[in-house]
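Chain residues, written in single-letter form:
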Amino acid sequence: MARYYLGVDGGGTNCRVRLADENLVTLAEVKNGRSNLQIDDGEPAYKAILDGTRDVFKAAGIDYAETANTYACFGMAGGRMDTARAEFAARAWPFAGVTVYDDIDIAHAGALAGGEGGVVIIGTGSAAMSIVGGKRYQAGGWGFHIGDQMSGAILGRELARYAVEAEDGLVEGSPLTEAVVAALGGDNQAVMTWSFATEMDLKLLSRDGSEGCDDALIGRAPGEFGKLMPLWFEHLERNDPVALKLLDIQMSYIDTYVRWFKSHDAKVMAIVGGLGQRLFPRLTERYGDFVALPQFEPLHGAVILAKQNVASN
């Protein structure tokens, strides 16, 4: 009887599903809808994975009934909370077995080919995880409002704040701060309007359906701040003083995580995410061979974990 492994990289924007054979050779791969566990109680994620499963079996030319001989592993955005993962795993699935992880677990498995060591995600968001001596360690990944210190979203927000301060004459500006203000509307009034997403005419409703909510606020999503990163890199290459100042902030955040990894004897820190990989030459200058590029992408990491979970049971 054939055995299959199904991996899911469930992102907030889209959900990728890969079907592999017993040797982890990819048979088919598809992309589907959004799949963050924190959105609408995980219902869109559930639908995206079920639809993606049907699509990927069809693309591979394999009968859908073979899901009964398939072991699945999901790495999910919004999977930091234990309860969210447990509830999602307990849903009705057609597979022989299902495990649900935070998305950093599949990034770790892919980056280190299922081996030990550390991984950091440095993209729109950020997080860190390692496995050393069979023990799992995790830090960060708490989201834009209270975490994500190394992320493009946080760096973009700091850049926007600094640009506004420069416009007010509180700090020294630069071509970068001028470019940011221009990109966000041309003056601080426009930047403030942008930050609250006023032009989108969004409305916040309370539980009773009335308009407004005293303990919540509408504003730009993390990815919107992350979109300032190309401007930052463009001016960083020109040694813009504000770009360099923000580079120091970014490196200080990464330093914190390097110290954390080394405190529990991780021997390597793989760098996952667009921002981190673009910074990789600077990271190797600073940390030497302690940093590494990933061996495989997170989706393949999900497939690796699916097989490892079967082998360990």
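Coordinates for the structure precede this section.
Anyway, here's the lowdown on the structure attached to this text. Small disclaimer: the values here were computed from a predicted structure and weren't measured.

**Looking at the sheet that holds strand β5 (residues 97–102)**
- Strands sit in the order β3-β2-β1-β4-β5 across an open sheet of five strands; the sheet is mixed. Looking at strand neighbours, the two that pair on one side only are β3 (26–32) and β5, the edges of this open sheet. Sheet twist, expressed as the mean angle between neighbouring strand axes with direction ignored, is 15°.
- Relative to β3, strand β2 (residues 15–20) runs antiparallel, the two sharing six bridges. Directly across from Arg-18, in β3, lies its bridge partner Glu-29.
- Each of β1 (4–10), β2, β3 and β4 (70–76) touches helix α1 (residues 43–60); the most contacted strand, β3, lies at about 140° to it.

**Side note on the pairing of β5**
- Taken together, the six bridges between β4 and β5 define a ladder with parallel strand orientation. In the sheet register, Cys-73 faces β5, and the bridge partner there is Thr-99.
- In the classification by handedness, the crossover that spans β4, the intervening helix α2 (residues 82–89) and the parallel β5 is right-handed.

**Focus: the packing of helix α8 (residues 229–236) against helix α9 (residues 241–263)**
- For the pair α8 and α9, the least separation of the axes is 8 Å and the interaxial angle reads 110°. Considering the angle they form, α8 stands roughly perpendicular to α9. Two packed elements cross with a definite hand, and for α8 against α9 that hand is left-handed. Facing α8, whose interface residues are Trp-232, His-235 and Leu-236, α9 presents Ala-243, Leu-244, Leu-246 and Leu-247.

**Thoughts on helix α3 (residues 103–111)**
- Counting buried positions along α3 yields eight of nine residues, so the element is predominantly enclosed.
- Those residues of α3 that fall on the buried side of the exposure criterion are Ile-104, Asp-105, Ile-106, Ala-107, His-108, Ala-109, Gly-110 and Ala-111.
- A positive phi of about 50° marks Ala-113, the residue just after α3.

**Quick look at the sheet that holds strand β7 (residues 126–132)**
- Read across the sheet, five strands follow the order β8-β7-β6-β9-β10 without closing on themselves; strand pairing throughout is mixed. In the strand order of this sheet, the two ends are held by β8 (135–140) and β10 (291–292), each with one partner.
- Pairing of strand β9 (residues 269–272) with β10, which is carried by two bridges, proceeds in the parallel orientation. What sits directly across from Ala-270, in β10, is Ala-292.
- Lying on the sheet, α9 is in contact with β6 (117–122), β7, β8 and β9; it crosses β7 at an angle near 20°.

Criteria and thresholds
- Along each chain, residue indices are assigned from 1 in the same order as the chain's sequence is written.
- Under the rules for a predicted model, residues below a pLDDT of 70 receive no local features and side-chain atom pairs below 80 are neither given nor counted, while totals for whole chains, interfaces and linings still include all residues.
- Excluding hydrogens and water, the side-chain values take into account all heavy atoms of the structure.
- One requirement defines pairing of two strands: DSSP has to find at least two bridges between them.
- We count a stretch as a helix when DSSP gives it H or I for four or more residues in a row; a strand needs E for two or more, and each element gets its number in order from the N terminus.
- Between N-to-C directions, angles span 0 to 180 degrees; the directions come from axes that are lines fitted to C-alpha atoms, helices contributing only their stretch in contact.
- Here, residues are in contact when the closest pair of their heavy atoms is within 4.5 Å.
- The handedness of a crossover follows from its direction of travel: if, with the strands pointing away from the viewer, the path from the first strand over the helix to the second runs clockwise, the crossover is right-handed.
- Geometric relationships in this document are graded by angle, where less than 35 degrees denotes roughly parallel, more than 145 denotes roughly antiparallel, 65 to 115 denotes roughly perpendicular, and other angles denote oblique.
- Crossing handedness is read from the near helix: turned anticlockwise from the far helix by less than a right angle, it gives a left-handed crossing, and turned clockwise, a right-handed one.
- Note on exposure labels: buried denotes an accessible area under 20% of the residue type's maximum, exposed denotes more than 50%, and partly exposed covers the range between, all computed with a 1.4 Å probe on protein chains only.

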